[in-house]
Amino acid sequence: NSSKTSEPQIPISAAPNLTKVATSKLRTLTKSRFLRLVVKTSLREDSLKKYSTQIIEGKNPSDCFTADSIFTKILVRALVNKNSFYYPFNSLENISKLYSPDSSFKIFTWQMVINENMIRQHGAIQMKTEDGSLQLLPLIDKSDIIINQEDTVTNNRSWIGAIYYKIIRISCISRK
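The present account deals with the structure reproduced in this document. Within each chain, residue numbers correspond to sequence positions counted from 1 in written order. With pLDDT at 70 or above as the cut-off, local features in this predicted model cover only qualifying residues; side-chain atom pairs require 80 or more to be listed or tallied, and sums for whole chains, interfaces and linings still use all residues. No hydrogens and no water enter the side-chain calculation; it runs on all heavy atoms of the structure.

Some thoughts on the nonpolar core
Ranked by size, the top nonpolar core spans 18 residues in total, and within it Leu48, Phe71, Leu75, Phe89, Phe108 and Trp110 carry the most contacts. Helix and strand labels come from DSSP, where a helix needs a run of H or I of at least four residues and a strand needs a run of E of at least two; each type is numbered from the N terminus. Within the residue set of this core, elements represented by two or more residues are helix H2 (31–57), helix H3 (61–79) and strand E2 (105–115). Top contributing element to this core by residue count: H3, with seven residues. Formed by five residues, the second largest nonpolar core is a distinct cluster that contains Leu98, Ile125, Leu139 and Trp159. The term nonpolar core refers to a set of buried residues drawn from Ala, Val, Leu, Ile, Met, Phe, Trp, Tyr and Cys, joined through side-chain atoms within 4.5 Å. Exposed residues in this analysis have more than 50% of their type's maximum accessible area, buried residues have under 20%, and partly exposed residues fall in between, with area computed by a 1.4 Å probe over protein chains only.

A closer look at the environment of Lys142
Tracing the backbone through its elements, the reader meets Lys142 in the segment after strand E4 (135–140). C-alpha of Lys142 to C-alpha of Trp159: the two residues are 17 residues apart in sequence and 5.6 Å apart in space. Only heavy atoms matter for contacts: two residues are in contact if any of them lie within 4.5 Å across the pair. Residues contacting Lys142, with those up to four places away along its chain left out, are Arg157, Ser158 and Trp159.

Some remarks on the pattern of salt bridges
In the sections that follow, a salt bridge refers to a side-chain nitrogen of Lys or Arg positioned within 4 Å of a carboxyl oxygen of Asp or Glu. Overall, the coordinates contain one salt bridge when judged by the stated rule. A salt bridge links Asp144 to Arg120; its shortest N-O distance comes to 3.4 Å. A residue pair is termed long-range when its members are at least 10 positions apart, and Asp144 in the segment after E4 and Arg120 in strand E3 (residues 118–127) qualify at 24 residues. For Asp144, a relative accessible area of 48% corresponds to the partly exposed category. For Arg120, a relative accessible area of 19% gives the class buried.

Okay, structure coming up:
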């Protein structure tokens with residue numbers, strides 16, 4: 001007579017700001033899996049918060065570049081954790097973090113002031129995967145070398161840098 005006890009599910013209030021699709025996926029994680037994700041990722045989140053502030057408040061461009069480099073490495077290490085797609089990174093106030101309306105991806109964007117004439121944006125797109133593994137597309141700001149930005153089609157490796165604050169879903173009716 002072995003009776004199986006199911007693990008309690010996590011309270012969704014523990015991860016605010018998720019879309020409905022992400023919230024429903026998060027509900028399927030057991031409490032222990034969620035707690036492992038939170039522990040692994042929140043330890044890195046404290047460091048991420050520190051370096052995201054240094055990116056903005058660095059005393060000189062060298063300090064900002066160093067902070068940005070360290071921030072990026074720690075972010076990738078945090079995102080490697082299985083199911084990190086659902087972790088909200090709420091304490092990172094200097095970083096834009098948005099889920100797509102259909103929860104198929106999450107985008108992180110931030111900027112670094114190099115001098116009064118140059119600002120560089122950085123970012124990454126994290127794709128949602130079925131198995132919770134990491135699929136990450138780095139966004140490489142090439143806006144300073146792209147001519148005719150208004151009519152140029154680019155990719156993640158030659159991105160026209162921006163900070164995203166809202167993602168709007170647009171539906172198109174196909175013509176036959």
